[in-house]
Amino acid sequence: MDANDYQQMLMQAQGQRQRTGDTTIPDNGEVIHISSLALLKMLKHGRAGVPMEVMGLMLGRFVDEYTVQVIDVYAMPQSGTTVSVESVDHVFQQKMMEMLKQTGRPEEVVGWYHSHPGFGCWLSGVDINTQQSFESLDSRSVSVVIDPIQSVKGKVVIDAFRLIQPQTVVAGSEPRQTTSNIGHINKPSIQALIHGLNRHYYSIAVNYRKTELEQSMLMNLHKRNWTEGLALKDFKTHKENNEKAIKSMLTLSEAYNKSVQEESTLTADQLKTRHVGKQDPKRHLEEAVEQAMGNQVVQNLASMLLAEL
């Protein structure tokens, strides 16, 4: 190999390094952190629109190259069908952002969300076009899909996506680079793979962050209100429950009377084990009397309050 060939190879290597340095490859170590408030609002909005699709915008910030933080969301006045939703209303978006800034909310739009009621998390052709319009403004914009029907208490069916640029597909290069294993990407469903997952778009790991106040709010979310204890029951139902309680107490009283009479004929060891595997009539009688009296007191108090009102 002469000096000219060596110089030419060196220039080619430098040119390749420059080309690869200019293009930023997305990283699958990226995580989107969704706040409790944003998640609750997305779920509530999605369930309110069932069976139609709904959409909205996500407010937050890009913390660094590996973290997208969603702090809040707001709904968009889009009309949707059971399988698609209209694109973003830019006039409404601009007015909404101006009003949010006036109230001290400086967050920027980091992406959009929409619901897929009952048919899983993936992007349709219309969704891909909408996501392209967002990525034309900011290449790191995220599309979140939530399923309000399949979501149950303790498990939210949600996923986040970003498009794969067609240039990388044509060039045959990987759409993402792997630098860490932080976060867990959802296992792709067959329906998502059919609709272009890992071909037209890829999934991003979703995580949740809760402050102490948000934790306290979520713990109190499903607690019963203290006024529910004074709710007035139907008088016919209350009468039937009282009759059943009295019959049960009569049966337990007869069993307890019989148990007291048997105590004189049993030894000390037999007394210790006589209720093993059997019903203790004394304890059950006490519980039945307390419950019947408590229900009667609550019913009387509720009737008195209703009469005063």
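Our subject is the structure listed above.
Residues numbered from 1 in each chain as written. Predicted model: local features only at pLDDT ≥ 70, side-chain atom pairs only at ≥ 80, totals over all residues. Heavy atoms only, no water.

Asker: Outline a nonpolar patch on the surface, listing residues and values.
Answerer: On the surface, a cluster of nonpolar side chains totalling about 430 Å² of accessible area is made up of Leu 230, Val 297, Leu 301, Met 304 and Leu 305. With respect to the helices and strands, Leu 301 occurs in helix α10 (residues 281-308). (Patch = residues over 30% accessible without salt bridge, like charges linked within 9 Å, V, L, I, M, F, W, Y side chains within 5 Å. Areas by Shrake-Rupley, 256 points an atom, 1.4 Å probe, with all protein chains shown as cover. Salt bridge = Lys/Arg side-chain N within 4 Å of Asp/Glu carboxyl O. Helix = DSSP H or I, 4+ residues; strand = E, 2+ residues; numbered from the N terminus.)

Asker: Give me the pattern of salt bridges: which residues, what numbers.
Answerer: For the structure shown, the criterion picks out 6 salt bridges. In this structure, the salt-bridge partner of Arg 162 is Glu 30, at a minimum N-O distance of 2.9 Å. Here Arg 162, found in strand β6 (residues 155-163), pairs with Glu 30, found in the loop between α1 (3-22) and β1 (31-35); they are 132 residues apart in sequence, far enough to count as distant. For the pair Arg 162 and Glu 30, one class covers both residues: buried. Residues Asp 72 and Lys 41 are paired through a salt bridge, measuring 2.9 Å at the closest nitrogen-oxygen approach. Taken together, the positions of Asp 72 in strand β3 (residues 67-75) and Lys 41 in helix α2 (residues 36-48) put the pair 31 residues apart, joining distant regions of the chain. The class of Asp 72 is buried, set by a relative accessible area of 8%. Look at Lys 41 and you get partly exposed, because its relative accessible area is 34%. (Buried < 20%, exposed > 50% of the residue type's maximum accessible area, 1.4 Å probe, protein only.)

Asker: If you had to explain the side chain of Ser 143 to someone new, which residues and values would you point to?
Answerer: Mapped onto the secondary structure, Ser 143 falls in strand β5 (residues 142-152). Ser 143 has contacts with Trp 112, His 114, Leu 123, Gln 131, Asp 159, Ala 160 and Phe 161, leaving out every residue within four places of it along the chain. (Contact = heavy atoms within 4.5 Å.)

Asker: Tell me about the side chain of Asp 127, residues and numbers included.
Answerer: Secondary-structure assignment places Asp 127 in helix α4 (residues 125-137). Despite being buried, Asp 127 has no salt bridge partner; Arg 199 is the closest side chain of opposite charge, sitting 14 Å away. For Asp 127, the side chain forms a polar contact with the side chain of Ser 124, separated by 3.0 Å. Discounting chain neighbours no more than four positions away, the residues touching Asp 127 are Trp 112, His 114, His 116 and Trp 122. (Lys, Arg positive; Asp, Glu negative; His and termini not counted. Polar contact = N/O pair within 3.5 Å; in protein donor to acceptor, adjacent residues only side chain to side chain.)

Asker: I'd love a proper account of the sheet that holds β5, names of residues and values included.
Answerer: Overall, mixed pairing links the 7 strands, which are arranged β1-β3-β2-β4-β5-β6-β7 in a closed barrel. Along the sheet, successive strands turn relative to each other by an average axial angle of 35°, direction set aside. Alignment of strand β4 (residues 108-115) against β5, held across 5 bridges, turns out to be parallel. Bridging from a neighbouring strand, His 114 pairs with Val 145 of β5. (Pairing = 2+ DSSP bridges. Axes fitted to C-alpha atoms, helices over the stretch in contact; angles between N-to-C directions.)

Asker: Describe in detail α2, supporting the description with residues and values.
Answerer: The terminal C-alpha atoms of α2, which comprises 13 residues, lie 18 Å apart, in line with the 18 Å expected from a rise of 1.5 Å per residue. Among all positions of α2, only Ser 36, Ala 38, Leu 39, Met 42, Leu 43, His 45 and Gly 46 are buried. (Expected span 1.5 Å × (residues − 1).)

Asker: Quick rundown of the packing of aromatic side chains? Include the residues and the values.
Answerer: By the definition in use, this model includes 4 aromatic pairs. On the basis of an interplanar angle of 50° and a centroid distance of 5.8 Å, the ring pair of Phe 119 and Trp 122 is categorised as tilted. The residues Phe 119 and Trp 122 share a single accessibility class, namely buried. Taking 5.1 Å as the distance between ring centres and 75° as the angle between the ring planes, the aromatic pair formed by Phe 161 and Tyr 201 counts as edge-to-face. Of the two residues, Phe 161 sits in strand β6 while Tyr 201 sits in strand β7 (residues 201-209), which places them 40 residues apart along the sequence. The exposure classification of Phe 161 matches that of Tyr 201, with both residues buried. (Phe/Tyr/Trp six-rings, centres within 6.5 Å; stacked < 30°, edge-to-face > 60°.)

Asker: Which residues make up unusual backbone geometry, and what values go with them?
Answerer: With an omega of 10°, the peptide bond between Val 50 and Pro 51 qualifies as cis. Note on placement: Pro 51 falls in the loop between α2 and β2 (55-64). One non-glycine residue, Asn 198, lies in positive phi territory at about 70°. Looking at the element boundaries, Asn 198 is found in the loop between α6 (190-194) and β7.

Function cannot be read off these values alone, since they describe shape.
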